[in-house]
Amino acid sequence: MEIVTFILEVVDKLWEPVGNQIGYLVHYKKNVENLNAEVETLEALRKDNRESVRAAEVNGEEIKADVRTWLERADAAIDEVERVNDDFKLNKRCLWGCFPGWISRYRLSKRAVKDKVTIGELQDQGKFERVSLQVRKPLEIESVISTGDFEAFESTQQAMNEVMRALRDDKVNIIGVYGMAGVGKTTMVEQVSVQARRDGLFDHVVKAVVSQNINLKMIQGQIADMLAVKLEDESEAGRAGHLRERIMKGRRILIILDDLWGRIELTKIGVPSGRDLEACKSKIILTTRLETVCHAMESQAKVPLHTLSDQDSWTLFKKKAGNVVDWPDFHDVAWKVVKKCGGLPSALVVVARALGDKDLEEWKEAARQLEMSNPTKDDMIARFLGI
């Protein structure tokens with residue numbers, strides 16, 4: 001009996017590797033099916049990681065090296081499974097399936113088992129807590145502007161509606177908003193950008209003030225700060241190249257260029273134009289005092305912003321100055337001051353805040369000076385800040 005038991009154990013150990021090899025033939029179809037089931041899970045994980053990488057790149061974050069390596073390995077493994085499936089289909093057609101290639105079937109089944117192990121390992125390795133290095137996030141437009149005190153009067157709301165229509169129009173890439181100084185172009189455009197962001201039209205909104213004396217490095221810095229991009233290049237061209245690369249990579253970015261006085265070459269800043277702007281699904285809103293600047297910048301939509309009506313001017317002025325404007329002694333004087341502000345929101349706000357707590361004589365003196373000097377908006381702001 002001991003001899004028989006020994007012989008059986010030896011036969012069992014010898015049969016085990018032989019049985020495994022035969023198993024590759026017996027379970028040929030099932031091994032390929034199991035491989036395909038595993039690769040579906042890997043494909044879903046790859047998709048999630050790709051989306052995470054995409055979102056991180058939009059935020060200007062640096063992707064971890066092991067994440068990129070994993071994605072490359074996952075791509076290679078999935079491609080390998082596609083080749084296994086192609087060979088599987090070819091083997092089934094061998095002599096109409098009556099005399100399949102047993103050697104190729106054996107090899108293919110063994111390959112499927114091996115690939116299944118590789119894919120299982122990739123699934124375990126591909127569960128990343130973070131796909132990027134920890135870096136600062138881009139600034140949201142709401143964090144750099146004030147939205148609490150904004151009130152859209154008739155002329156402002158009309159312009160806002162026109163800009164929103166242009167932002168939704170795929171044929172419009174550059175929108176020019178023009179109007180006299182102090183009419184509220186910057187504030188209106190900022191409010192529109194917040195609305196467009198909340199409506200999901202754009203992933204990011206960035207803003208830069210251009211002004212009359214153009215400083216390219218400062219303009220580039222403003223945009224870079226809002227995109228969380230670190231510009232290390234000393235040359236303007238190098239900085240522009242990095243900014244353009246970031247904007248093209250990010251997609252759906254609304255770029256506000258505020259206070260243009262003439263044409264500016266977008267490429268010098270690092271802002272895409274033409275077909276590149278279309279390709280990254282981004283748009284530009286520019287503000288200027290002159291309609292001719294809108295034309296020079298090739299704006300497909302030109303939106304004028306008009307001054308406030310008398311009634312809207314009074315409403316805004318009263319809101320900032322307080323109910324004192326309705327007192328009998330103050331009412332007429334207040335109306336004279338409002339008229340001299342010319343429907344300009346910035347002038348109305350500054351003057352109202354400056355006079356709100358003053359006595360009647362100071363109101364009259366202010367009205368008298370305004371009547372005599374016929375000041376510009378900037379003159380009024382400068383004067384009443386000193387009252």
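Residues numbered from 1 in each chain as written. Predicted model: local features only at pLDDT ≥ 70, side-chain atom pairs only at ≥ 80, totals over all residues. Heavy atoms only, no water.

A closer look at helix α13 (residues 328-340)
So, step 1. Among the residues of α13, F330, V333, A334, V337 and V338 are the ones counted as buried.
So, step 2. Trailing α13 by a residue or two, G342 shows a phi angle of about 65°, which is positive. (Buried < 20%, exposed > 50% of the residue type's maximum accessible area, 1.4 Å probe, protein only. Helix = DSSP H or I, 4+ residues; strand = E, 2+ residues; numbered from the N terminus.)

A look at the nonpolar core
In globular proteins that are soluble, nonpolar side chains generally tend to be buried together.
So, step 1. Counting residues in each nonpolar core, the largest one holds 49 residues, and the members touching the most others are L167, M188, F317 and W363.
So, step 2. Core analysis: the second largest hydrophobic core is formed by 30 residues, V206, I219, I269 and L277 among them. (Core = buried A, V, L, I, M, F, W, Y, C linked by side-chain atoms within 4.5 Å.)

Structural notes on the pattern of salt bridges
If charged atoms from side chains of opposite charge come close, those side chains can pair.
So, step 1. Overall, the coordinates contain 11 salt bridges when judged by the stated rule.
So, step 2. Residues D276 and R244 are paired through a salt bridge, measuring 2.6 Å at the closest nitrogen-oxygen approach. Of this pair, D276 sits in helix α10 (residues 274-279) while R244 sits in helix α8 (residues 236-250), placing them 32 residues apart in sequence.
So, step 3. Note that K358 and D357 form a salt bridge whose closest N and O atoms lie 3.1 Å from each other.
So, step 4. Salt bridges linked by common partners bring R46, R50 and D75 together as one network. (Salt bridge = Lys/Arg side-chain N within 4 Å of Asp/Glu carboxyl O.)

Thoughts on the confidence of the model for the protein chain
So, step 1. Residues with a pLDDT of 70 or more make up 77% of the protein chain, whose mean pLDDT is 81.
So, step 2. Here residues 6-16 is a poorly scored stretch, pLDDT under 50, and it has one contact once near neighbours within four places are set aside; other chains count. (pLDDT = per-residue confidence, 0-100. Contact = heavy atoms within 4.5 Å.)

Focus on the packing of aromatic side chains
So, step 1. Under the criterion given, the structure shown has five aromatic pairs.
So, step 2. Each ring, one from W314 and one from W335, has its centre 4.7 Å from the other, and the planes form 5°; the classification is stacked. Of this pair, W314 sits in helix α12 (residues 310-321) while W335 sits in helix α13, and the two are 21 residues apart along the sequence.
So, step 3. Counting every residue linked through ring pairs, the aromatic cluster contains F317, W327, F330 and W363. (Phe/Tyr/Trp six-rings, centres within 6.5 Å; stacked < 30°, edge-to-face > 60°.)

Focus on the packing of α12 against α13
So, step 1. Orientation of α12 relative to α13, taken along the N-to-C sense of each, is 115°, at an axis distance of 10 Å. Overall, the two elements α12 and α13 adopt an arrangement that is roughly perpendicular. Here the hand of the crossing between α12 and α13 comes out right-handed. Listed contacts from α13 to D310, S313, W314 and F317 of α12 are H331, A334, W335, V337, V338 and K339.
So, step 2. Class assignment of the residues belonging to the contact of α12 with α13 gives a composition of six nonpolar, two polar and two charged. (Axes fitted to C-alpha atoms, helices over the stretch in contact; angles between N-to-C directions. Parallel < 35°, antiparallel > 145°, perpendicular 65-115°, else oblique. Left-handed = near helix turned anticlockwise from the far one by under 90°. Nonpolar A, V, L, I, M, F, W, Y, C, P; charged D, E, K, R; others polar.)

Quick notes on the environment of I247
So, step 1. Within the element layout of this structure, I247 appears in helix α8.
So, step 2. I247 sits 24 residues away from I223 along the chain, and the two C-alpha atoms are 9.9 Å apart.

So, the packing of α12 against helix α14 (residues 345-355)
The geometry of a pair of packed helices is captured by two quantities: the angle between their axes and the separation between those axes.
So, step 1. The contact between α12 and α14 brings their axes to 8 Å, and the two run at 35°. α14 is crossed by α12, and the crossing has right-handed handedness. Across from S313, L316, F317, K320 and A321 in α12, the residues of α14 making contact are P345, L348, V349, V351, A352 and R353.
So, step 2. Here the residues of the contact of α12 with α14 sort into eight nonpolar, one polar and two charged.

Describing unusual backbone geometry
So, step 1. The residue D259 is not glycine, and still its phi comes out positive at about 65°.
So, step 2. Mapped onto the elements of the fold, D259 is located in strand β3 (residues 253-260).
So, step 3. Classification of D259 as partly exposed rests on a relative accessible area of 24%.
So, step 4. For E298, which is not glycine, the phi torsion reads 60° and is therefore positive.
So, step 5. Tracing the backbone through its elements, the reader meets E298 in the loop between α11 (291-296) and β5 (301-304).
So, step 6. Residue classification places E298 among the exposed positions, given a relative accessible area of 57%.

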